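# What the coordinates show
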Amino acid sequence: MHLKQYFAFLAVAVPAAIPFASATFWIFGGTRPIVDTRIDSVISPGVVSSHLHSVAGGSRFSATYNYDDLITSQCSTIVVPTDKSNYWTPKLYYRDLNANTFTPIPNSFNIYYLARPGPNNDKVHAFPTGLRMLAGDPLRRVNNGSNHADQAISYVCLDYNNNHSGDPDWAERPDFFPHQCPDGMRAQVFFPTCWDGVNLDSADHKSHMAYPIENFNDGSCPSTHPVKLVSLFYEMFVSVDQFPYAPGAWVWSFGDDTGLGFHGDFVDGWQNKTVLQSALDTCGDVSGILENCPVFEPLINNDAASACKIDGEIVNEPIGTVSSPLAQLPGCNPMWVGTGPKPTCNPPRATPGFINPQNPLPSGWTEVACIAEGTTGRALTAASTTNSSMTKPLCANYCAGLGYKLAGVEYGDECYCGNTLVNGANSTARTWYECSVTCAGNPNENCGGPMRLNLLQKN
Ligand SMILES: *[C@@H]1O[C@H](CO)[C@@H](O)[C@H](O)[C@H]1NC(C)=O
Ligand SMILES: *[C@@H]1O[C@H](CO)[C@@H](O)[C@H](O)[C@H]1NC(C)=O
Ligand SMILES: *[C@@H]1O[C@H](CO)[C@@H](O)[C@H](O)[C@H]1NC(C)=O
Ligand SMILES: *[C@@H]1O[C@H](CO)[C@@H](O)[C@H](O)[C@H]1NC(C)=O
Ligand SMILES: *[C@@H]1O[C@H](CO)[C@@H](O)[C@H](O)[C@H]1NC(C)=O
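Residues numbered from 1 in each chain as written. Chains lettered and ligands numbered in written order. Predicted model: local features only at pLDDT ≥ 70, side-chain atom pairs only at ≥ 80, totals over all residues. Heavy atoms only, no water.

Per an unreviewed UniProt entry, the chain is named WSC-domain-containing protein, and its organism is Irpex rosettiformis.

Structure (structure tokens):
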């Protein structure tokens with residue numbers, strides 16, 4: 001996210017209504033998704049989900065996993081690496097009403113952690129290990145303004161150049177705005193903060209949690225759900241301004257063009273709960289700036305977060321791009337207009353399978369490490385190519401085809417071959433995230449970095 005956006009968020013974005021003592025919070029700001037895919041391991045474990053999601057956090061995201069699996073994530077798109085949690089929402093599509101095509105709209109997340117002790121000054125607890133929860137409902141077709149669960153879903157329309165204060169057409173609302181948002185839109189979901197103290201999940205993924213008595217975003221916990229947890233709030237920032245506005249052009253991945261069905265999922269993957277609990281207990285910062293929290297400040301690793309790629313699984317289907325928009329939304333999600341039941345697909349659509357997001361290397365090849373280029377010239381000089389479809393296996397195959405046993409990918413689209421490292425290069429491993437540039441041919445794989453190669457070797 002651009003700094004301008006980030007600071008604008010900080011200035012205006014604290015969830016409204018803090019009737020009780022204002023308290024510690026921090027924002028994992030501008031968090032990018034690790035993947036957009038049709039998986040929801042909370043609602044649809046083990047199978048392809050009904051609709052596409054945009055997922056942030058730990059790299060081990062998959063259709064089937066538990067806490068112990070998730071904390072084996074190599075990395076996270078959250079800048080505090082001990083947080084391997086997954087945070088997700090549906091994906092927003094732009095519907096071209098003339099061509100009747102669908103293009104996914106880029107998004108990022110501001111993930112708020114708010115320690116709100118409420119009127120009884122409750123102790124605010126870290127998530128119990130492995131907690132899962134859902135807020136919002138993709139099947140919702142009406143808004144009940146007096147229900148906390150409905151109040152927890154909202155939209156904000158951003159326009160940094162005009163003051164729309166007091167204008168009802170621009171006020172925060174429960175559904176999509178009927179006009180363009182010149183600096184993008186925020187889709188927001190506030191999670192319930194009161195836990196039953198026993199269950200890490202429940203059949204509806206909601207009833208083990210409850211909203212506070214007084215407000216959806218602050219208050220005291222009901223006796224059925226007596227344990228006050230840290231409050232979780234997602235702002236999904238969606239770049240709707242990159243597309244021309246038209247009524248009905250914004251469509252959630254399940255076919256909803258009202259916005260009422262927005263929802264968020266959370267799976268706890270905090271590796272070291274002491275870090276989270278001591279941040280809640282001691283940060284003391286009420287401006288949301290992560291770096292101001294002494295517990296987090298030494299842990300922050302922006303380079304690892306930005307280099308992080310998914311190492312779980314993805315669904316084998318196109319999700320659309322600007323140059324290749326989809327004729328229909330992934331899954332069975334015809335446009336769902338009005339308050340009637342969700343339409344079905346006729347004929348039904350085949351369900352794709354799961355694939356490894358990283359392309360496997362050809363047989364006999366292994367990855368050595370992320371290494372530095374030579375000091376007096378290139379590390380591998382026998383042959384080279386660049387290719388806009390570059391991946392690690394493409395490079396290995398290219399070098400193997402020329403009879404070489406070493407291959408190195410660099411800077412996204414370059415491939416070098418040889419039988420020995422030359423020009424002062426050696427195979428000493430650098431930190432993995434120095435090889436941070438996305439492969440030109442696979443958004444879920446890194447191909448070296450600036451002056452860094454992922455070295456591949458034929459056994
Ligand atoms: C709206 O929500 C309130 C509070 O949960 C509830 O009492 C009421 O029955 C709901 N109204 C409708 C029409 O569902
Ligand atoms: C925006 O407009 C409101 C109401 O007209 C006014 O109170 C407020 O001071 C304005 N804010 C800025 C930053 O100009
Ligand atoms: C967890 O974090 C705490 C506080 O930063 C630290 O003292 C402790 O060593 C960490 N535990 C592990 C297992 O890393
Ligand atoms: C890129 O790689 C593909 C697959 O190996 C190959 O067919 C194509 O010719 C290559 N393009 C260039 C410009 O080398
Ligand atoms: C490997 O190369 C680096 C420079 O890229 C150098 O600092 C290091 O000493 C070399 N290691 C060995 C074992 O030669």
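### Description of the overall build of the chain
Along the backbone of the chain there are six helices and 25 strands. Radius of gyration (C-alpha) of the chain: 23 Å, near the 23 Å computed for a compact globule of 459 residues. Taken over the C-alpha atoms alone, the chain extends approximately 70 × 55 × 45 Å along its principal axes. Relative to its full complement of 459 residues, the chain shows a buried share of 54%. Residue pairs in contact within the chain that sit at least 24 positions apart in sequence constitute 75% of those at least 6 positions apart. With the model as given, the accessible surface of the chain reaches about 18400 Å², and the carbon-plus-sulfur share is 52%. When the 26 positive and 41 negative side-chain charges of the chain are each reduced to one mean point, those points stand 5 Å apart. (Helix = DSSP H or I, 4+ residues; strand = E, 2+ residues; numbered from the N terminus. Rg over C-alpha atoms; globule rule 2.2 N^0.38 Å. Buried < 20%, exposed > 50% of the residue type's maximum accessible area, 1.4 Å probe, protein only. Contact = heavy atoms within 4.5 Å. Areas by Shrake-Rupley, 256 points an atom, 1.4 Å probe, with all protein chains shown as cover. Lys, Arg positive; Asp, Glu negative; His and termini not counted. Charge placed at Lys NZ, Arg CZ, Asp CG, Glu CD.)

### Let's talk about the side chain of Arg-452
As for its position among the elements, Arg-452 is in strand S25 (residues 452–458). A relative accessible area of 17% means that Arg-452 is categorised as buried. Those residues in contact with Arg-452 that lie beyond four places of it in its chain are Cys-370, Ile-371, Ala-372, Val-409, Glu-410, Tyr-411, Arg-430, Glu-434 and Cys-435.

### Digging into helix H6 (residues 392–401)
What H6 keeps buried is the set Lys-392, Pro-393, Cys-395, Ala-396 and Cys-399. End-on view of H6: buried residues confined to an arc of 160°, all on one side of the axis. Where the residues of H6 are buried, they touch strand S19 (365–372), strand S21 (406–410), strand S22 (414–418), strand S24 (442–446) and S25. Where H6 begins, one side-chain oxygen reaches toward the backbone nitrogen of Leu-394, 3.1 Å away; that side chain belongs to Thr-391. (Arc of directions from axis to C-beta. Polar contact = N/O pair within 3.5 Å; in protein donor to acceptor, adjacent residues only side chain to side chain.)

### Observations concerning the pairing of strand S3 (residues 53–57)
Look at any regular strand and the pattern is simple: side chains alternate between the two faces of the sheet. Counting buried positions along S3 gives five out of five residues, so the element sits mostly inside the fold. Pairing between strand S2 (residues 35–37) and S3: three bridges, direction antiparallel. The residue bridging Thr-37 from the neighbouring strand is His-53, located in S3. Examined bridge by bridge, S3 and strand S4 (residues 86–90) share five bridges and lie antiparallel to one another. Following the sheet pairing, Ala-56 is matched in S4 by Tyr-87. (Pairing = 2+ DSSP bridges.)

### Some details on the nonpolar core
With 67 residues, the main nonpolar core has Tyr-87, Tyr-113 and Phe-127 as its most contacted residues. Excluding residues within four positions of it along the chain, Phe-127 makes contact with Tyr-113, Met-133, Leu-229, Val-230, Leu-232, Phe-266, Asp-268, Trp-270, Lys-273 and Leu-276. (Core = buried A, V, L, I, M, F, W, Y, C linked by side-chain atoms within 4.5 Å.)

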